[in-house]
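# Report on the structure
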Amino acid sequence: MIGVRCAEQRDAHAAIDVVRRSIGHLCVADHHNDHETLTTWLANKTPHDFVRWLSNADNFCVVAESNDGLLGVGVLQRRGEILLFYLAPGAQRRGIGKKIHATLEAKAVQWGLASLHLDSTVLACHFYEALGYKPMGPPVPRFGVLRCFPYVKQL
Ligand SMILES: CC(C)(COP(=O)(O)OP(=O)(O)OC[C@H]1O[C@@H](n2cnc3c(N)ncnc32)[C@H](O)[C@@H]1OP(=O)(O)O)[C@@H](O)C(=O)NCCC(=O)NCCS
């Protein structure tokens, strides 16, 4: 059984481990194993940063948890941007992403937001499109070899 709940400080190490493994192993089509790109991408993915995100009242941070531990992390910012959305390698295509997203979307509705927006990885474009997101312009260079795919969803 997999549940989605609000993240807590005690999740910091496990959550960041999920995020770092997800970027390292699942987002190769984005970073192409380019050392500089990966280093920059991972630079602010530390337990310390996770606690900082949690302590910002404008962020809504959730984790997906199974009996075996954390399998996913999502962060929504009050202005409507999904800042972070990662599953652990091996946890994909079991509906966990959809569950995390539903929790973030419910919070967005509670906050009275009219839309959600985000910068997608290459891999996640199909996922977001399946959830009703529409592309919001061409891919945008980020850093290193990374390109982001802007998406928006009207609520
Ligand atoms: C993108 C990600 C969050 C999706 O989560 P997930 O749990 O695998 O997705 P779900 O199982 O909830 O999929 C929901 C629907 O999205 C679509 N979808 C998801 N992944 C897809 C893929 N790789 N290709 C095509 N469609 C996909 C499908 O329609 C799917 O429904 P179905 O399985 O019934 O066909 C996850 O794969 C992930 O963490 N990837 C690596 C990190 C990343 O790129 N994060 C995004 C940062 S912006």
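Naming follows an unreviewed UniProt entry, where the chain appears as N-acetyltransferase domain-containing protein of Dokdonella soli.

## Remarks on the overall build of the chain
Of the regular secondary structure elements, the chain holds six helices and eight strands. Listing every helix and strand of the chain by position from the N terminus yields β-α-α-α-α-β-β-β-α-β-α-β-β-β. In terms of overall dimensions, the chain is globule-like: its C-alpha atoms have a radius of gyration of 15 Å, near the 15 Å expected for 155 residues. Counting only C-alpha atoms, the chain reaches 35 × 35 × 30 Å along its principal axes. Residues classed as buried in the chain amount to 45% of the 155 residues present. Sequence separation of at least 24 residues holds for 63% of the intrachain contacts in the chain that already meet a minimum separation of 6. Carbon and sulfur atoms provide 54% of the accessible area of the chain, an area that totals close to 8100 Å². Considering the chain, the positive charge centre built from 17 side chains and the negative charge centre built from 14 side chains are found 5 Å apart.

## Section: the site of the ligand
Looking at the ligand, there are 22 residues lining it, with Phe85, Leu87, Arg93, Gly97 and Thr121 nearest. Note that an oxygen atom of the ligand is positioned 3.3 Å from one of the backbone N or O atoms of Arg94. In isolation the ligand offers 920 Å² of accessible surface; the protein chains occlude 78% of this area. Contributions of two or more residues to the shell around the ligand are made by helix 1 (12-26), strand 4 (82-87), helix 5 (96-110), strand 5 (115-120) and helix 6 (125-130). If one sorts the elements of the shell around the ligand by residue count, helix 6 sits on top with four residues. Residue classes in the shell around the ligand are distributed as eleven nonpolar, seven polar and four charged.

## Structural notes on the packing of helix 1 against helix 4 (residues 47-55)
How two helices pack is summed up by the angle between their axes together with the distance between the axes. Two numbers describe how helix 1 lies on helix 4: the axes approach to 8 Å, and their chain directions differ by 110°. Compared by their axis directions, helix 1 and helix 4 come out roughly perpendicular. Touching Ala12, His13, Ala15 and Ile16 of helix 1 are Pro47, Phe50, Val51 and Trp53, all from helix 4. Split into classes, the residues belonging to the contact of helix 1 with helix 4 amount to seven nonpolar, one polar and no charged.

## A word on the pairing of strand 5
With burial as the criterion, only one face of strand 5 is covered, namely that bearing Leu116, Leu118 and Ser120; the residues Ser115, His117 and Asp119 on the opposite face remain uncovered. Where strand 5 meets strand 8 (residues 147-154), six bridges bridge the pair, whose relative direction is antiparallel. Residue pairing in the sheet places Leu116 in a bridge with Lys153 of strand 8.

## Remarks on the sheet that holds strand 4
Spatially, four strands are ordered 1-2-3-4 in an open sheet, and the strand pairing comes out antiparallel. The open sheet has two free edges, formed respectively by strand 1 (3-6) and strand 4, since each of these has just one partner strand. The mean angle between the axes of side-by-side strands here comes to 20°, regardless of whether they run parallel or antiparallel. Bridge count between strand 1 and strand 2 (residues 59-66): four bridges; the pairing is antiparallel. Directly across from Gly3, in strand 2, lies its bridge partner Glu65.

What counts and how
- Residues numbered from 1 in each chain as written.
- Predicted model: local features only at pLDDT ≥ 70, side-chain atom pairs only at ≥ 80, totals over all residues.
- Heavy atoms only, no water.
- Helix = DSSP H or I, 4+ residues; strand = E, 2+ residues; numbered from the N terminus.
- Rg over C-alpha atoms; globule rule 2.2 N^0.38 Å.
- Buried < 20%, exposed > 50% of the residue type's maximum accessible area, 1.4 Å probe, protein only.
- Contact = heavy atoms within 4.5 Å.
- Areas by Shrake-Rupley, 256 points an atom, 1.4 Å probe, with all protein chains shown as cover.
- Lys, Arg positive; Asp, Glu negative; His and termini not counted.
- Charge placed at Lys NZ, Arg CZ, Asp CG, Glu CD.
- Near = heavy atom within 4 Å.
- Polar contact = N/O pair within 3.5 Å; in protein donor to acceptor, adjacent residues only side chain to side chain.
- Nonpolar A, V, L, I, M, F, W, Y, C, P; charged D, E, K, R; others polar.
- Axes fitted to C-alpha atoms, helices over the stretch in contact; angles between N-to-C directions.
- Parallel < 35°, antiparallel > 145°, perpendicular 65-115°, else oblique.
- Pairing = 2+ DSSP bridges.

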